[in-house]
Amino acid sequence: MLAAIAGLGYQSIRSLVPNVLYEPPQVFKLGLPQQLAEGVTFLEDKRLYVFREGESYYAISGACTHLGCTVKYTKLNQVKQVEIDGERKTVTGEFNCPCHGSKFYGDGTNFAGPAPRPLRWFRLHIAPDDGQLVVNMGQEVEQNFRLTV
Amino acid sequence: MQIVQSTKKLYRRLTWSWIPRSDKEAGDAIVKNILLHWFPHKVSKGSISWWYSLWLGTMSFVLFVILTVTGIVLMFLYVPSVERAYASVKDIEYVVSFGWFLRAMHRMSAHLMVATVFLHMVRVFVTGAYKNGRSVGTNRPLNWIIGLALLICTLLLSFTGYLLPWDQLAYWAITVGTNIASAAPIVGEKIRYFLLGGNTIDQGTLIRFYVLHVFFLPVILVSLFAWHMWRIRKDGGLAVVDREALSQKPEQVAPVKSKTYSLLGITNGTTVHVQTRMVNEEENSLPSVPNLSRRIWLVTLVTMLLVMVSSIIVPTPLEAPANPSVTPNPAKAPWYFLWLQEIVTDTTIKLGSFTLNGALVGGILLPGILLVLAIWWPYRDRSSINATGVWFAPERKRQNLIFLALCLFVILLTIVGTFLRGPYWDFYWPWEAWPTTPIRF
């Protein structure tokens, strides 16, 4: 009897853990690289910032690492020099979180507020079939990642 | 005259199958009645005083009844699907006859219930009502723990209901809330996945929260409530009864001349002096019906009035439909969780390269510690039996002050979160204007 009850309990709870998710795909195409505007492009439905600096591209997640609110990118009026991990870097923009006031430099490094980690960076590559820019939001990369086309 | 008496007789025949001939018969009738058997035959005057319990528990129950009744009607009108939830709430608000009033009553009762259950807990603590008296078989600490479970159940009911309108307010409050769960070590991400039914707040989440809100949590709450009430009866009523029993001066009964048995045989003498306490005596207690029942009706009436009037006065917000890509600025949790939101903002700890997420400290560890402390406290409280059921007993002064300071801290953080936080969670005085920030990025 106990085994039957335990079994029924297990199968009831297990059935609530989805095996298939009907969520938007983690890997998707953005179009041809040269069509992407210079600077920053925000993909609203993906909560993703894609940056183009001439021939190099990189993508930073717009989800705050504290509690998942969408951060807002602001271009700084005045470029500033900051020290990140002992390295002096030039910062041209900042991310701000509306929920709890976390702040990140333009490369996603957290510097104020409760966010415990930098914003996530995702892999970019060129689709072999049609040469479009592809984002893989299922694969995180280091902050020095750049896709040069 | 004859007609009046005949009418009375007819009315009695129609409404009564039997009429009690004595107080005892009337009392038995109450105990045997399924609706009235919650009540004892008689209650002490202290238990039904307005100022001892403030009737906050009764108010909470009345609010729950209002929530159930309005909630059942809303269930006929609400569609728990991502595509239609927002539109159905909009219909309830603007198209359905009295829909706005039903929704407003449901919302106001939910907010008031969180407040009354919290205040009820505060009252029980400061009166030391979780302490056992002298009676045998009492277990008030257990009832205090059941009460804490009821408070958590109330908060969860309110939280799960928060998502259902599927507007911006709902979506982002649940984003913040479920991300706090994911900050738990090791199993956090799994808990979030299970709660949401996936990685994002979508149809899976809505239906889960809906089922929890309309079935699981109410069933748990009703079961706990029945247990709570049953324990009150088992514990001999409210804690104030124990105080009354103690405060009664033993009365000496005049010795009666009689024969006394001793080892040496029967001798003439007086009986042993019997000392009695008066708590169960007629002058200290009243029949439950109508004294208790009348007050319960009055509290019900006042609570309903409060809910109805506040539902008319206070506007019920319905923001723009949920949009996962636009976070409102500022994004705030429901008011009763704003103290937690305030804590999670301020408790990210950095020790060299090691960072402890504020969500874990403020969202899980701190409330967890507070809850464990609250469960343990009745067993830790070593104050004497004289401090049971007494408002601000001098013996419990220090613990009452610490408890009230904690409550005040929570209330203060709630006020700061509600009124003094603006865009990017920056601090603004109420008279300061918020800077205009773009809604879309």
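What you see is a predicted model, and the numbers here were worked out from it, not measured in a lab. Think of each chain on its own: its residues are numbered from 1, step by step along the sequence as written. For naming, the first written chain is A and the first written ligand is 1, with later ones following in the order written. Totals for whole chains, interfaces and linings use every residue, but because this is a predicted model, local features are given only for residues with pLDDT of at least 70 and side-chain atom pairs only at 80 or more, for both listing and counting.

J.: Please give an account of the overall build of chain A that cites residues and values.
T.: A helix here means a DSSP run of H or I that spans at least four residues, while a strand means a run of E at least two residues long, and both kinds are numbered starting from the N terminus. A count of helical and extended segments in chain A gives one helix and eleven strands. Each helix and strand of chain A, ordered N terminal to C terminal, gives the series α-β-β-β-β-β-β-β-β-β-β-β. Here the C-alpha atoms of chain A give a radius of gyration of 20 Å, more than 25% beyond the 15 Å that 2.2 N^0.38 yields for 149 residues. Of all 149 residues assigned to chain A, the portion counted as buried reaches 30%. Here the contacts in chain A between residues at least 6 apart in sequence split such that 43% fall between residues at least 24 apart. Two things to know: the radius of gyration comes from C-alpha atoms, and the globule rule equals 2.2 Å times the number of residues to the power 0.38. For every residue, the other C-beta atoms within 10 Å of its own C-beta are counted; 20 or more classify it as buried, 12 or fewer as exposed, and values in between as partly exposed. C-beta atoms are placed from the backbone. Remark: residues whose backbone-derived C-beta atoms lie within 7 Å of one another are considered to be in contact.

J.: Could you give an account of unusual backbone geometry, naming the residues involved and the relevant values?
T.: Of the consecutive residues Asn329(B) and Pro330(B), the connecting peptide bond is found in the cis state with omega at 0°. Mapped onto the elements of the fold, Pro330(B) is located in the loop between α12 (288-313) and α13 (338-346).

J.: With reference to specific residues and values, describe the nonpolar core.
T.: Soluble globular proteins tend to bury their nonpolar side chains together. Joining buried Ala, Val, Leu, Ile, Met, Phe, Trp, Tyr and Cys residues through C-beta atoms within 7 Å gives a set, and that set is a nonpolar core. Core analysis: the biggest nonpolar cluster contains 99 residues, and Ala59(A) and Ala170(B) have the highest contact counts within it. Apart from residues no more than four positions distant in its own chain, Ala170(B) is found in contact with Tyr162(B), Leu163(B), Leu164(B), Pro165(B) and Ala322(B).

J.: Requested: an account of the pairing of strand β4 (residues 56-61) of chain A, with residues and values cited.
T.: All names here are of chain A. The element β4 is largely enclosed, with a buried count of five among its six residues. When DSSP locates at least two bridges between a pair of strands, those strands are taken to pair. Relative to β4, strand β3 (residues 48-53) is paired through six bridges, and the arrangement is antiparallel. Bridge pairing links Glu53 to Ser56 in β4. Hairpin connection, β3 to β4: the antiparallel pair is bridged by two residues, and Gly54 has positive phi, about 70°. As judged from the two bridges shared by β4 and strand β9 (residues 121-126), these two strands associate in the antiparallel manner. Bridging across to β9, Ile60 finds its partner in Trp121.

J.: Quick one: what's the story with the packing of helix α7 (residues 140-163) of chain B against helix α8 (residues 168-182) of chain B, residue by residue and with numbers?
T.: Residue and element names in this part refer to chain B. α8 packs onto α7 with a crossing angle of 130° between their chain directions and a minimal axis gap of 7 Å. Here α7 lies oblique to α8, going by the angle between them. Here α7 contributes Phe159, Tyr162 and Leu163 to the contact with α8, which in turn contributes Ala170, Ala173, Ile174 and Gly177. Here the contact of α7 with α8 is built from residues that sort into six nonpolar, one polar and no charged. To obtain an axis, a line is fitted to C-alpha atoms, over the contacting stretch when the element is a helix, and the angle between two such axes runs from 0 to 180 degrees between their N-to-C directions. Here the word oblique covers every angle except those under 35 degrees (roughly parallel), over 145 (roughly antiparallel) and from 65 to 115 (roughly perpendicular). Throughout this entry, Asp, Glu, Lys and Arg are counted as charged residues, while Ala, Val, Leu, Ile, Met, Phe, Trp, Tyr, Cys and Pro are counted as nonpolar. The remaining residues, Gly among them, count as polar.

J.: Tell me what's going on with the pairing of strand β6 (residues 87-96) of chain A, and back it up with residues and numbers.
T.: All names here are of chain A. Pairing analysis gives nine bridges linking strand β5 (residues 72-84) to β6, with the strands arranged antiparallel. For Tyr73, the partnering residue across the bridge sits in β6 and is Phe95. Adjacent in sequence and paired antiparallel, β5 and β6 are bridged by two residues, among which Asp85 carries a positive phi angle near 50°. Bridging between β6 and strand β7 (residues 103-105) involves three bridges; their strand directions are antiparallel. Paired with Phe95 across the bridge in β7 is Phe104.

J.: How would you summarise helix α4 (residues 56-77) of chain B if you had to cite specific residues and measurements?
T.: Given 3.6 residues to a turn, an α-helix orients residues that are three or four positions apart in the same direction. All names here are of chain B. An expected span of 1.5 Å times one less than the residue number is assigned to each helix. In a regular helix each residue adds 1.5 Å, so 22 residues correspond to 32 Å; α4 covers 31 Å between its end C-alpha atoms and thus fits that length. For α4, the complete set of buried residues consists of Gly57, Met59, Ser60, Phe61, Val62, Leu63, Phe64, Ile66, Leu67, Thr70, Gly71 and Leu74. Check the buried side of α4 and you find it contacts α3 (50-53), α5 (85-94), α6 (99-126), α10 (203-234) and α12.

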